[in-house]
Amino acid sequence: MCEGMIQLKKSEPRLHKISDNTFIPHYISIKCEGREEYRLGFSQYEDMEKWFDTIANARKSKPEKKKVQKTKQSPSYSNLIVYAMTKPSPPEFTDEYLSKICYREMCSFKESKLETYTQQMTASNLIAYTNTCLARCYPNGWRANSSNHDPLLAWNYGVQLVALNYQTPDKPMQLNQGRFHFTNGRCGYVKKPEDMVRNKFDPRQDSFFNSVALFITVISGRMLFSEAGNLPKVRVSLEGLDCDMNTEDQETGPAKSSICPYWDRKVISLLCLNPDMAMLRFEVVDSNDFGDEKFIGHCTFPVKQLRAGYKSVPLYDGYGNRLPMAKLMVHVEKEILKSHDPERELKKIRGDILQLNEFLSSAEVTDGDISRLKAIEDKYFNLIFDKRLAELNNNGFNELIREFYSLYYERHSESSPASR
């Protein structure tokens, strides 16, 4: 054990060839200021000389100063590096708070606080915040069993960093694998959809465009490792926004055989309103006569990357590891529905009305103008009676129509061909 240190520069070492102790015939005495004399004993004279020379050299040498090598840095390169400055999460993402944020900031909050944010009136401001700054969501502290929270809620609101307990093989971990495993070369980064970076994106709405209808047929499987006597079945579901998750999970019946399982060619129909943020999940479970289920494997794909045709679906365990030779044979039909952009149609119709309004105010009304008005009126009522676009009734469009009608009928009564 080390009991102390001796400053050799302030000491006086001396050699002694003969010692009173017959077991240690040679020793070096070191006398320090204000301390008693220290002795180092040696049985061989040559060893004592080597130690003495080492001590003498240490008393004469000066400690070497390490030279700090200066590195040249490019100012333009340094400006590209962004350090995220952590800041406490606010009680609510108000418009005033968003006006003061900087892209270098980052906030973290737990899952319960995220649920509070999404239930507030300013929930859409959370998306505006994540379009500018980084946000991180982590599980609640009461999850002592290392269970995970649903990462879909955080992803739907643009949260970039979602912390999960990787030691737990549950459904949130399987969704995490489906989000990042098959996208962008497994680099761990997925670009936000174009819908999310729009200013008026709201994940709670159910009116989107570029919707997709999926028709899935599960044909057969292999190496599913079901227990003896049990028959596996496949559950197919959509995971994403609330409008896509409202669809009930559909599943096949029990397989016809447990060794080489195959199913009736039942077509599973799913309507995906927002394929940019949705995932298609296959889950294979082992069921018995008592209704008990045991997880066998899963596979989750982004809907946007699905291709039509016959597909061999690999299966993974709860930790994301490939199950050896375990696969499903499925057939996928993908039908892209008519692209429907309500904002673009609304702007176009509003422009048609304003253009016709200016024309009617400076010219006489003709039969052609009446037919044009009828066409615009038909477009308007088609929009109004569309269930997915019912929110257009509350955006001031009716006031514009009333203003146009009043001006039209005023002009029509004065200069219409019928009145003349």
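Let me begin by describing the structure that accompanies this report. All figures in this text were calculated on a predicted structure; none of them were measured in a lab.

Here we look at the overall build of the chain
Secondary structure assignment for the chain yields 11 helices and 15 strands. Taking the contacts inside the chain whose residues are at least 6 apart along the sequence as the reference set, 61% of them involve residues at least 24 apart. Accessible surface for the chain amounts to roughly 26300 Å². Of this, 52% is attributable to carbon and sulfur atoms.

Remarks on helix H5 (residues 123-130)
The element H5 is extensively covered by neighbouring structure, given that 6 of its 8 residues are classed as buried. Each element contacted by the buried residues of H5 is listed here: helix H3 (95-98), strand E5 (105-110), helix H4 (111-119), strand E6 (134-138) and helix H6 (151-156).

Some thoughts on a negative patch on the surface
Together, Glu46, Asp47, Glu49 and Asp53 line one region of the surface with negative charge. Tracing the backbone through its elements, the reader meets Asp47 in helix H1 (residues 45-60).

Section: the side chain of Ser89
Summarising the element assignment, Ser89 is placed in the loop between strand E4 (85-86) and H3. Polar contacts involving the side chain of Ser89 include one to the side chain of Lys113, which spans 2.8 Å. Residues contacting Ser89, with those up to four places away along its chain left out, are Cys107, Ser108, Phe109, Lys113 and Tyr117.

What about the pairing of strand E14 (residues 309-316)?
Sheet topology note: the E14/strand E15 (residues 322-336) ladder contains 7 bridges and is antiparallel. Paired with Tyr316 across the strands is Arg322, a residue of E15. Turn length for the E14-E15 hairpin, with the two strands adjacent in sequence and antiparallel, is 5 residues, and the turn residue Gly320 shows positive phi of about 90 degrees.

Quick notes on the packing of aromatic side chains
Within the structure shown, the criterion is met by 8 aromatic pairs. Judged by centre distance (6.3 Å) and plane angle (35 degrees), the ring pair of Tyr97 and Tyr129 falls under tilted. Residue Tyr97 is located in helix H3, and its partner Tyr129 is located in helix H5; the two are separated by 32 residues in the primary sequence. Taking 5.9 Å as the distance between ring centres and 80 degrees as the angle between the ring planes, the aromatic pair formed by Trp155 and Phe180 counts as edge-to-face. Separated by 25 residues along the polypeptide, Trp155 in helix H6 and Phe180 in helix H7 (residues 171-180) bring together distant segments of the chain. Owing to a relative accessible area of 23%, Phe180 belongs among the partly exposed residues under this scheme. An aromatic cluster is built from Phe93, Tyr97, Phe109, Tyr117 and Tyr129, whose rings are joined through pairwise contacts.

Some details on a nonpolar patch on the surface
On the surface, Tyr77, Leu80, Ile81 and Tyr83 cluster together into a nonpolar patch covering about 500 Å² of accessible area. Tracing the sequence through the fold places Tyr83 in the loop between helix H2 (75-80) and E4. Judged by its relative accessible area of 62%, Tyr83 falls in the exposed class.

Digging into the environment of Gln174
Among the structural elements, Gln174 can be located in helix H7. Sequence separation of Gln174 and His298 is 124 residues, and the distance between their C-alpha atoms is 7.8 Å. With residues near it in sequence (within four places) discarded, Gln174 still touches Pro169, Arg281, Phe295, His298, Thr300 and Gly318. At 2.3 Å, the side chain of Gln174 and the side chain of Arg281 are in polar contact.

Thoughts on the pattern of salt bridges
Pairing is possible between side chains of opposite charge, provided their charged atoms come close. Applying the stated criterion across every chain yields a total of 11 salt bridges. Of the charged contacts in the structure, one is a salt bridge between Glu96 and Lys100, with a shortest N-O distance of 3.7 Å. One exposure class covers both Glu96 and Lys100, and it is exposed. One salt bridge connects Lys233 with Glu251, and the closest N-O pair in it is separated by 3.3 Å. You can see Lys233 sitting in strand E9 (residues 231-239) and its partner Glu251 sitting in strand E10 (residues 250-251), a full 18 residues away along the chain. The network of salt bridges with common partners includes Lys233, Arg235, Glu251, Arg281, Glu283 and Glu293.

Observations concerning the side chain of His149
Assignment of secondary structure puts His149 in the loop between E6 and H6. A relative accessible area of 3% places His149 in the buried class. One polar contact links the side chain of His149 to the main-chain carbonyl oxygen of Ala163, over a distance of 3.3 Å.

Re H4
Those residues of H4 that fall on the buried side of the exposure criterion are Glu111, Leu114, Tyr117 and Thr118. Down the axis of H4, the buried set is contained in an arc of 110 degrees. They therefore lie on one face. Packing partners of the buried residues in H4 comprise E5, H5, E6 and H6.

Rules behind the numbers
- Residues numbered from 1 in each chain as written.
- Predicted model: local features only at pLDDT ≥ 70, side-chain atom pairs only at ≥ 80, totals over all residues.
- Heavy atoms only, no water.
- Helix = DSSP H or I, 4+ residues; strand = E, 2+ residues; numbered from the N terminus.
- Contact = heavy atoms within 4.5 Å.
- Areas by Shrake-Rupley, 256 points an atom, 1.4 Å probe, with all protein chains shown as cover.
- Buried < 20%, exposed > 50% of the residue type's maximum accessible area, 1.4 Å probe, protein only.
- Patch = residues over 30% accessible without salt bridge, like charges linked within 9 Å, V, L, I, M, F, W, Y side chains within 5 Å.
- Salt bridge = Lys/Arg side-chain N within 4 Å of Asp/Glu carboxyl O.
- Lys, Arg positive; Asp, Glu negative; His and termini not counted.
- Charge placed at Lys NZ, Arg CZ, Asp CG, Glu CD.
- Polar contact = N/O pair within 3.5 Å; in protein donor to acceptor, adjacent residues only side chain to side chain.
- Pairing = 2+ DSSP bridges.
- Phe/Tyr/Trp six-rings, centres within 6.5 Å; stacked < 30°, edge-to-face > 60°.
- Arc of directions from axis to C-beta.

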